[in-house]
Amino acid sequence: FVSKVLPAFEPHLFKMVLHADIDLLNPPKEVDQRRHKRKRLVQSPNSFFMDVKCAGCFNITTVFSHSQTVVLCGSCSAVLCTPTGGRARLTEGCSFRRKAD
């Protein structure tokens, strides 16, 4: 049995590479959007207003993305979206677009 003497640990020979090597002062937009709304470089909400088009009469209604009430169409009284725990769920057949800031 021959024992080998291990060389002394030399930290300057090892370079640790992390999978998240990004510039913290200028993070990419995709990386910044995945963070919590309060931990982003510039705080911004996850919610937005959207124009929802009714599937029946094609009337456009403005709806909040995290609406906490059932939203009905103004002309035909069809249900446009229903609340969930977070974002409102659009009814099948309704289309939407995000309103410009």
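Since this is a predicted model, take the numbers as computed values, not measurements. (Residues numbered from 1 in each chain as written. Predicted model: local features only at pLDDT ≥ 70, side-chain atom pairs only at ≥ 80, totals over all residues. Heavy atoms only, no water.)

## With respect to the pairing of strand E4 (residues 79-82)
- Judged from the 2 bridges that link them, strand E3 (residues 71-72) and E4 form a sheet pairing that is antiparallel. Paired with Leu72 across the strands is Val79, a residue of E4.
- With antiparallel pairing between neighbouring strands as the criterion, E3 and E4 make up a hairpin whose turn holds 6 residues, including Ser77 at a positive phi of roughly 60°.
- Hairpin geometry of E4 and strand E5 (residues 89-90) is characterised by an intervening segment of 6 residues between the two adjacent antiparallel strands. (Pairing = 2+ DSSP bridges. Helix = DSSP H or I, 4+ residues; strand = E, 2+ residues; numbered from the N terminus.)

## Quick word on the packing of aromatic side chains
- Counted under the stated rule, the structure contains 1 aromatic pair.
- Where Phe49 meets Phe64, the ring centres are 5.1 Å apart and the plane angle is 55°; that geometry is what we call tilted. One end of the pair, Phe49, is in strand E1 (residues 49-53); the other, Phe64, is in strand E2 (residues 60-64), and 15 residues separate them in sequence.
- On the basis of relative accessibility, which here comes to 48%, the residue Phe49 falls in the partly exposed class.
- Taking NZ or CZ as reference, Arg98 lies 4.0 Å from the ring centre of Phe48, over its face. (Phe/Tyr/Trp six-rings, centres within 6.5 Å; stacked < 30°, edge-to-face > 60°. Buried < 20%, exposed > 50% of the residue type's maximum accessible area, 1.4 Å probe, protein only. Lys NZ or Arg CZ within 6 Å of the ring centre and 35° of its normal.)

## Structural notes on the pattern of salt bridges
- Applying the stated rule across the entire model yields 3 salt bridges.
- The partner of Arg35 in a salt bridge is Asp32, and the shortest N-O contact between them spans 3.4 Å.
- Between Asp51 and Arg97 there is a salt bridge; the shortest N-O distance is 3.5 Å. Note that Asp51 is positioned in strand E1 and Arg97 in strand E6 (residues 95-98), a separation of 46 residues in sequence. (Salt bridge = Lys/Arg side-chain N within 4 Å of Asp/Glu carboxyl O.)

## Things to note about the sheet that holds E2
- One open sheet holds the 3 strands; their spatial order is E2-E1-E6, and the pairing between them is antiparallel. Strands at the two margins of the open sheet, each flanked by one partner only, are E2 and E6. Between one strand and the next, the sheet's axes are offset by a mean angle of 30°, whatever the strand orientation.
- Summarising the sheet, E1 and E2 pair through 5 bridges and their orientation is antiparallel. When the sheet's bridge partners are listed, Asp51 is paired in E2 with Thr62. (Axes fitted to C-alpha atoms, helices over the stretch in contact; angles between N-to-C directions.)

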